[in-house]
Amino acid sequence: MENMKPMKVRELLKSKEIGKEVLVKGWVRTKRGNKQVNFIAVNDGSIIHNIQVVAEVAAFNDDLLKQITTGSCIAVKGILVESPAQGQPVEIQAKEIEIYGTADPETYPLQKKGHSLEFLREIAHLRPRTNTFGAIFRIRHAVAFAIHKYFNDHGFYYIHSPIITGSDAEGAGALFRVSILDPKDPPLKPDGSVNFAEDFFGKETKLTVSGQLEAELAALALSQVYTFAPTFRAENSNTPRHLAEFWMIEPEIAFYDNNDNMDLAEDLLKYLIQYVLDQCKDDLEFLQKMYDPELIERLKFVINTGFERRTYSEAIDILKASGQPFEYHVEWGIDLQAEHEKYLVEKYYKKPVILTDYPREIKAFYMKQNDDGKTVRAMDVLFPKIGEVIGGSQREENYEKLLSRIREMHIPEKDVWWYLETRKFGTAPHSGFGLGFERFIIFITGMSNIRDVIPFPRTPQNAEF
RNA sequence: UCCUCCUUAGCUCAGUUGGUUAGAGCAUCUGACUGUUAAUCAGAGGGUCGCUAGUUCAAGUCUAGCAGGGGGAGCCA
């Protein structure tokens, strides 16, 4: 059996080579049958469907068949035949079965029955073996691959921004410290504070919250770059849309203004959705059937509609005139709350919305200042179901304006001197944005909790597995 | 971090104004069935009612604290 090349279930199910001897290896989903014949559904994760293995009871040792239970892992050699019954085009008439690993049915937690997503989160080491998580992880892979394909095909270069950072200038929330100092007895300075000069890097270091600043450095040389990397937020956020460790895609493009930026964001999102519709049809249909009846319709709708592009000020006017009983009062200058974004996207425009030109006070220091002295050239893409999926802007390329903003916001210049120098030497207009990978996977899979679209979620009080 | 709800069999859940032996479906085990599709049919086993303290003649049920989880909000992607 071992000198034969195994075939994937995905290949077997579309094979036309009836009568051929084949080898398949995978995990048993169910076994049923009677005294004469057993039907074993085998799945190897290559596709959501199983291959049916038919074993004549008389041809096999009783003990062997008894050990084939839900969750066990087997190799089967047999003849690929057309299935005489409904449900599958082909099946394998087993000649030899080898058991790689048994799974005690009394203790194996996965049943043939459906499980709650909450329960599966507690057994994240086994949940990849379910139909749901197989589908999600195949789709997650497809989106990740399509991101690289899209950028590569459009002349972008993939930049690896650092994971460990010496500055917390990104201004995107709390950071995790990276240190090798003894937490019980750290070296102290005369004033009693921790002396990070004795730490590994000779200064206080953190896990990055964004690769953007470094991506800008690269964009001002390679013109079109993107990052795709994990980022970390030490916020105590307990919601179905937040992770402490998540992945982000951050394109950064020289000579792009904010309109070019929006065009790129919209085109990228539509490309990714189309790619998944083309490549992951079976998985999407399964998720639609089990979790979200309107999933595929919604994905197609987003591809076929133009995103509504409005300014922040226009959005405020619409919200004020809406007559909605918002919990948070609407006034020019406020940061839009979830309820406001939801109203604009799901009730008012009923499609994805891109808002631009936000008040400078509620946005980051690096965003390009408009001539009105009040707003910056930001753009947020708001999606149904998940809210802000992209946040970006044209960047401030003027040295003096950027420096004055840095001083106004009390950002230590010693932390960003290198960033400032790109505006001193050959500065260029440029733009970019950040796309939350898991947020987007929520949208594209129809899942409702971000912990179900990443294999091993990290959230406050939880770093198991 | 705030608000709110939940925690009973391996899983999903029911359990009346506090009352005597805590139930169901699925799963598991045993048996039946010549091709099943989350097979079907019959039977059996399976419980520290999250933990701790309290109220009461009596607590799965009421109260408090703690732990874990869900939803909403904030922070953000």
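Residues numbered from 1 in each chain as written. Chains lettered and ligands numbered in written order. Predicted model: local features only at pLDDT ≥ 70, side-chain atom pairs only at ≥ 80, totals over all residues. Heavy atoms only, no water.

> Give me the lowdown on the overall build of chain A, citing residues and values where you can.
A tally of regular secondary structure across chain A gives 13 helices and 16 strands. Across its three principal directions, the C-alpha atoms of chain A cover 85 × 60 × 45 Å. The burial tally for chain A puts 52% of its 465 residues in the buried class. Counting contacts in chain A only where the partners sit at least 6 residues apart, residues at least 24 apart contribute 67% of the total. Counting every atom, chain A has about 22600 Å² of accessible surface; 51% of that belongs to carbon and sulfur. (Helix = DSSP H or I, 4+ residues; strand = E, 2+ residues; numbered from the N terminus. Buried < 20%, exposed > 50% of the residue type's maximum accessible area, 1.4 Å probe, protein only. Contact = heavy atoms within 4.5 Å. Areas by Shrake-Rupley, 256 points an atom, 1.4 Å probe, with all protein chains shown as cover.)

> I'd like a rundown of unusual backbone geometry, residues and numbers included.
Note: most peptide bonds trans; most residues except glycine with negative phi. One non-glycine residue, Lys350, lies in positive phi territory at about 55 degrees. Residue placement: Lys350 occurs in the loop between helix H10 (338–348) and strand E13 (353–359). Despite not being glycine, Asp357 shows a phi value in the positive range, around 55 degrees. In this structure, Asp357 sits in strand E13.

> Could you give an account of the sheet that holds strand E8 (residues 177–178), with specific residues and numbers?
A sheet is described by the order of its strands in space; here 3 strands give the open sequence E7-E9-E8, paired in antiparallel fashion. Looking along the sheet, the strands with just one partner apiece sit at the ends: strand E7 (164–165) and E8. The pairing of E7 with strand E9 (residues 205–207) spans 2 bridges and is classified as antiparallel. Each residue of the ladder has a partner; that of Thr165, found in E9, is Lys206. (Pairing = 2+ DSSP bridges.)

> Tell me what's going on with the pattern of salt bridges, and back it up with residues and numbers.
For side chains bearing opposite charge, pairing can occur when the charged atoms are close. For the coordinates displayed, the defined rule picks out 29 salt bridges. Of the charged contacts, one joins Lys206 and Glu204 as a salt bridge, the two residues approaching to 3.8 Å between their closest N and O atoms. On the basis of relative accessible area, Glu204 is assigned to the partly exposed category, the value being 29%. Among the ionic pairs, Lys270 bridges to Glu266, the shortest N-O distance being 2.8 Å. Residue Lys270 and its partner Glu266 are located together in helix H6 (residues 258–279), separated by 4 residues, close to a single helical turn. Neither residue differs from the other here; Lys270 and Glu266 are each classed as buried. Salt bridges sharing common partners tie together Glu216, Glu252, Arg395 and Arg423. (Salt bridge = Lys/Arg side-chain N within 4 Å of Asp/Glu carboxyl O.)

> Quick one: what's the story with a nonpolar patch on the surface, residue by residue and with numbers?
Residues Ile163, Ile164, Ile180, Phe200 and Phe201 make up a contiguous nonpolar surface patch of about 490 Å² in total accessible area. Its location among the elements puts Ile163 in the loop between strand E6 (157–158) and E7. (Patch = residues over 30% accessible without salt bridge, like charges linked within 9 Å, V, L, I, M, F, W, Y side chains within 5 Å.)

> Describe the confidence of the model for chain A, listing the residues and the values that go with them.
Taken as a whole, chain A shows an average pLDDT of 94; of its residues, 98% reach a score of 70 or greater. What the predictor reports for the complex is a pTM of 0.95 with an ipTM of 0.91. (pLDDT = per-residue confidence, 0-100.)

> Got a sec to walk through the protein's contact with RNA strand B? Specific residues and values, please.
Surveying the vicinity of RNA strand B reveals 49 residues, the closest of which are Arg32, Lys112, Thr239, His242 and Arg439. Here, RNA strand B places atoms within 4 Å of the protein, and 54% of those atoms are sugar or phosphate. A distance of 2.9 Å is found between a phosphate oxygen of RNA strand B and a side-chain nitrogen or oxygen belonging to Ser116. For the surface near RNA strand B, the secondary structure elements donating two or more residues are strand E1 (21–33), strand E5 (90–101), helix H3 (117–122), strand E11 (245–254) and strand E15 (387–394). Split by residue class, the surface near RNA strand B holds 14 nonpolar, 20 polar and 15 charged. (Near = heavy atom within 4 Å. Polar contact = N/O pair within 3.5 Å; in protein donor to acceptor, adjacent residues only side chain to side chain. Nonpolar A, V, L, I, M, F, W, Y, C, P; charged D, E, K, R; others polar.)

> An account of the packing of helix H8 (residues 295–303) against helix H13 (residues 437–445) is needed here, citing residue identities and associated values.
Remark: H8 packs on H13, axes separated minimally by 8 Å, with the N-to-C direction vectors making an angle of 120 degrees. Considering their axes alone, H8 and H13 lie oblique with respect to each other. For the pair H8 and H13, contact is made by Leu295, Arg298, Leu299 and Val302 and by Phe443, Ile444 and Thr445, respectively. When grouped by side-chain class, the residues that make up the contact of H8 with H13 number 5 nonpolar, 1 polar and 1 charged. (Axes fitted to C-alpha atoms, helices over the stretch in contact; angles between N-to-C directions. Parallel < 35°, antiparallel > 145°, perpendicular 65-115°, else oblique.)

> So, the packing of helix H9 (residues 312–321) against H10: which residues are in play, and what are the values?
Relative orientation of the contacting elements H9 and H10 amounts to 80 degrees, with a least axis distance of 11 Å. As the angle between them shows, H9 and H10 are arranged roughly perpendicular. Contact residues: H9 offers Ala315, Ile318 and Leu319, while H10 offers His340, Tyr343, Leu344 and Tyr348. Considered class by class, the residues forming the contact of H9 with H10 number 6 nonpolar, 1 polar and no charged.

> I'd like a description of the packing of aromatic side chains, backed by residues and values.
Both the distance between ring centres and the angle between the ring planes are used here to describe each pair of aromatic rings. This model, assessed by the stated rule, comprises 22 aromatic pairs. Relative to Tyr343, the ring of Phe326 lies with its centre 5.8 Å away and its plane at 80 degrees, an arrangement referred to as edge-to-face. Of this pair, Phe326 sits in the loop between H9 and H10 while Tyr343 sits in helix H10, placing them 17 residues apart in sequence. Looking at Tyr343, the relative accessible area reads 11%, which means it is buried. Taking the centre distance of 5.3 Å and the plane angle of 75 degrees together, the rings of Phe365 and Tyr366 count as edge-to-face. Using a relative accessible area of 11% as the deciding quantity, one classes Tyr366 as buried. Put simply, the rings of Phe145, Tyr150, Phe151, Phe156, Tyr158, Tyr226, Tyr271 and Tyr275 pair up and form one aromatic cluster. Its guanidinium or amino end placed over the ring of Tyr358, Lys363 lies 4.2 Å from that ring's centre, counting from NZ or CZ. One Lys or Arg, Lys374, reaches over the ring of Trp332 and ends 5.1 Å from the middle of that ring. (Phe/Tyr/Trp six-rings, centres within 6.5 Å; stacked < 30°, edge-to-face > 60°. Lys NZ or Arg CZ within 6 Å of the ring centre and 35° of its normal.)

> Describe the nonpolar core, with residues and values.
Of all hydrophobic cores here, the largest spans 67 residues; its most connected members are Val143, Val381, Phe383 and Phe440. Counting residues per element, this core draws most heavily on helix H4 (residues 131–153), which supplies 12 residues. Excluding residues that lie within four positions of it along the chain, Val381 makes contacts with Ala265, Leu269, Phe307, Val353, Ile354, Gly387, Glu388, Val389 and Ile390. Counting residues in hydrophobic clusters, the runner-up holds 29 residues, among them Ile318, Leu336, Tyr358 and Met367. (Core = buried A, V, L, I, M, F, W, Y, C linked by side-chain atoms within 4.5 Å.)

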